[in-house]
Amino acid sequence: MASTLSPSTVTGTLGPPEMSDRIHNAADISVIVIYFVVVMAVGLWAMLKTNRGTIGGFFLAGRDVAWWPIKSAILHDQNTGGKGAGPAFDPPLPGVSEDKECSGEQRIHSLKESSSIQSCASHHGVGRAQQRACPTPPPDGNWKVAITAPPSPAESKQQSGGLASVIYTDTLQTIIMLIGSFILMGYAFAKVGGYESFTEKYMNAIPSIVEGDNLTISPKCYTPQADSFHIFRDAATGDLPWPGTIFGMTIVAVWYWCTDQVIVQRCLSGKNMSHVKAACIMCGYLKLLPMFLMVMPGMISRILYTEKVACIVPSECVKHCGIEVGSTNYAYPMMVLELMPDGLRGLMLSVMLASLMSSLTSIFNSASTLFTMDLYTKIRKQASEKELLIAGRLFLILLIVISILWVPLVQVSQNGQLFHYIESISSYLGPPVAAVFLLPIFCKRVNEQGAFWDLITGLVIGLIRMIAEFAYETSSCLAASNCPEIICGVNYLYFAIILFFVSMLVILGISLLTKPIPDVHLYRLCWALRNSTEERIDLDAEEKRYEEADDNVDEGC
């Protein structure tokens, strides 16, 4: 029977131990070594270029970065790992002005707390999971050894290099990533016989081992979906239903692109608004590339290595990638090791290392900024710059530890598919932030109380769904989840839409029951007052005067 055949017998390809030997040649090793040397050189140059002894120099790269490094950093961070360090409504540094909130309140502690949860849940663990994932799993399948490996050189560099080091190494790595991805895409399409052959063969990419482990597996679990080549899928049965794709992903995108600390921090490092706008526009155009550079090559990998990439029997998946829930995350690395010639294989491995390093260093820097400037300064109001820098670097170490501990949850969540994990976590935690960002722009009646309780309520609802999924696990073709239908029965993209409208109702309800913000604080911050010429007074201007007076008294003493 087919279930008695071994993977190597069926596919004729090499197993994991032999695959790891593919990079044991002079050309690949030389390219990888050169890559590390160049990246470290660029990082050191960036460290020396900026003044890292100040808060602005460490966290904002001296605010003197041109548009093209910003564009490269944003693109690289968005395409590698996951999304986000969390929301960043207010400026991460004193003296940086951002007109972002119609409510006028610049410090909402619950927003920072939810940011930390989002940061750990969505991005840190994903980066670690990718870093410790295939293509070369431990021979004995012991993932604990791989997961608890020492931090990468990038993480060590991040602790001392600051944002400048992150941005300029991101720029180099983006170039490497694009070149390598284009080359791999060419090899992949050539191997499969062109686009027409690709669309035909994909629908027939079915593994031969579909029985085993005393399981009765439905054909729909291992047969490619009929709508695989459709972006807009069935509203009821699709894994990415079209209403969720249009509206749910848009809500999550508003949270990420408009309020996420990673994006905002890179924009704040720009020389001026012209450079920031140019970076964002260019990045938007380049976002068209992943469909061709990542999605289609991943689908081609299922055609070429069906038994490994599309494995469905848990015991077979364990053989290939060390986890029972599937080997889909193995698709891209598999093609790199199998298709690329010596030298180019090393280049692509460097691309993958660059992606993982960049995503980790970027999120660590942004999250430490969030903690240091928005939480620690509230605990230690008189902290010196030196103390803040030390606090930020110690927080980096804590994040590294948390991200390592989070990896096992990432590997089994959403059936082991990182994309669905990232989108689901964002859908559970992002909509309240998107609501509190958008609604005040068009409704000046929104105030701080409404925004605060929206963030608290939304965070609680999102955490209930997220924790329930972790506790009961996600439903799959092999086993249904025991999670209550009322909590987990709705697709996560639909959940994002529901949570978004619930959040808006909470904002409006609480705001209408409490005192409105006087217009003098809202000039040119809301749509209704966009053409006002009167001078705007900051909502916390009086509080700042009291703080300055206290500082002067302390200095006098």
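Residues numbered from 1 in each chain as written. Predicted model: local features only at pLDDT ≥ 70, side-chain atom pairs only at ≥ 80, totals over all residues. Heavy atoms only, no water.

**Brief notes about the overall build of the chain**
So, step 1. Each helix and strand counted, the chain has 24 helices and zero strands in total.
So, step 2. By the burial criterion, 54% of the 557 residues in the chain qualify as buried.
So, step 3. Long-range pairs, those at least 24 residues apart, make up 80% of the contacts in the chain between residues at least 6 apart in sequence.
So, step 4. Just so you have it, the chain exposes about 24,300 Å², and 63% of that area is on carbon and sulfur atoms. (Helix = DSSP H or I, 4+ residues; strand = E, 2+ residues; numbered from the N terminus. Buried < 20%, exposed > 50% of the residue type's maximum accessible area, 1.4 Å probe, protein only. Contact = heavy atoms within 4.5 Å. Areas by Shrake-Rupley, 256 points an atom, 1.4 Å probe, with all protein chains shown as cover.)

**Remarks on the packing of helix H20 (residues 431-442) against helix H23 (residues 492-513)**
So, step 1. Look at H20 against H23: their axes get within 8 Å of each other, and the N-to-C directions meet at 50 degrees. With respect to their mutual orientation, H20 and H23 come out oblique. Two packed elements cross with a definite hand, and for H20 against H23 that hand is right-handed. Counting all contacts with H20, which are made through Pro 431, Pro 432, Ala 434, Ala 435, Val 436, Leu 438 and Leu 439, the residues of H23 involved are Ala 496, Leu 499, Phe 500, Ser 503, Met 504, Ile 507 and Leu 508. (Axes fitted to C-alpha atoms, helices over the stretch in contact; angles between N-to-C directions. Parallel < 35°, antiparallel > 145°, perpendicular 65-115°, else oblique. Left-handed = near helix turned anticlockwise from the far one by under 90°.)

**Quick notes on H20**
So, step 1. With twelve residues, H20 should reach 16 Å at 1.5 Å per residue; the first-to-last C-alpha distance of 17 Å fits that figure.
So, step 2. Among the twelve residues of H20, nine are classified as buried, and the element is accordingly described as predominantly covered.
So, step 3. Taken together, the buried positions of H20 are Pro 431, Pro 432, Val 433, Ala 434, Ala 435, Val 436, Phe 437, Leu 439 and Pro 440. (Expected span 1.5 Å × (residues − 1).)

**Here we look at the packing of aromatic side chains**
So, step 1. One pass over the full model with this rule turns up 13 aromatic pairs.
So, step 2. Three or more aromatic residues link up through ring pairs in this structure, and these residues are Phe 189, Tyr 195, Phe 198, Tyr 202 and Phe 229.
So, step 3. Across the ring face of Phe 495, the terminal group of Arg 465 is positioned such that the distance to the ring centre comes to 5.2 Å. (Phe/Tyr/Trp six-rings, centres within 6.5 Å; stacked < 30°, edge-to-face > 60°. Lys NZ or Arg CZ within 6 Å of the ring centre and 35° of its normal.)

**Regarding the state of the cysteines**
So, step 1. In total, this model carries two disulfides according to the counting rule given.
So, step 2. Two residues share a disulfide in this structure: Cys 311 and Cys 317, whose sulfurs sit 2.2 Å from each other. Disulfide Cys 311-Cys 317: the torsion about the S-S bond is 120 degrees, which places it as right-handed.
So, step 3. Relative accessible area serves as the criterion here: at 10%, Cys 311 is assigned to the buried category.
So, step 4. Here Cys 483 pairs with Cys 488 through a disulfide, and the sulfurs are 1.9 Å apart. Looking down the S-S bond of the Cys 483 and Cys 488 bridge, the torsion is 60 degrees, so its handedness is right-handed. (Disulfide = S-S within 2.5 Å.)

**Some words on the nonpolar core**
So, step 1. By size, the foremost hydrophobic cluster in this structure holds 40 residues, and its most contacted members are Val 65, Ile 74, Leu 163, Trp 255, Ala 434, Phe 500 and Ile 507.
So, step 2. Put simply, the parts of the chain that give this core at least two residues each are helix H5 (67-79), helix H8 (153-192), helix H10 (242-259), helix H11 (261-268), helix H12 (273-286), H20, helix H21 (448-472) and H23.
So, step 3. If you tally residues by element for this core, the top one is H20, at six residues.
So, step 4. Ignoring any residue separated from it by four or fewer positions in sequence, one finds Ile 507 in contact with Ala 435, Val 436, Leu 439, Val 446, Gly 450 and Asp 454.
So, step 5. Ranked by size, the runner-up nonpolar core spans 35 residues in total, among them Tyr 35, Ala 188, Leu 293 and Met 335. (Core = buried A, V, L, I, M, F, W, Y, C linked by side-chain atoms within 4.5 Å.)

**Section: the pattern of salt bridges**
So, step 1. For the coordinates displayed, the defined rule picks out seven salt bridges.
So, step 2. Between Asp 28 and Arg 345 there is a salt bridge, and its shortest N-O distance comes to 2.9 Å. One end of the pair, Asp 28, is in helix H3 (residues 26-49); the other, Arg 345, is in helix H17 (residues 344-379), with 317 residues separating them in the sequence. Neither residue differs from the other here; Asp 28 and Arg 345 are each classed as buried.
So, step 3. For Lys 444, the salt bridge is made with Asp 519, and the minimal N-O distance between the two is 3.2 Å. Separated by 75 residues along the polypeptide, Lys 444 in the loop between H20 and H21 and Asp 519 in the loop between H23 and helix H24 (541-556) bring together distant segments of the chain.
So, step 4. Accessibility expressed as a relative area gives 34% for Lys 444, which makes it partly exposed.
So, step 5. Here Asp 519 falls in the partly exposed class, since its relative accessible area comes to 30%.
So, step 6. Salt bridges sharing common partners tie together Asp 28, Asp 342 and Arg 345. (Salt bridge = Lys/Arg side-chain N within 4 Å of Asp/Glu carboxyl O.)

**With respect to a nonpolar patch on the surface**
So, step 1. A contiguous nonpolar patch, built from Ile 231, Phe 232, Trp 242, Ile 246, Phe 247, Met 291, Phe 292, Met 294 and Val 295 and spanning about 850 Å² of accessible area, is present on the exposed surface.
So, step 2. For the nonpolar patch, the secondary structure elements donating two or more residues are H10 and helix H13 (290-304).
So, step 3. A per-element tally of the nonpolar patch places H13 first, with four residues.
So, step 4. Its place among the elements puts Val 295 in helix H13. (Patch = residues over 30% accessible without salt bridge, like charges linked within 9 Å, V, L, I, M, F, W, Y side chains within 5 Å.)

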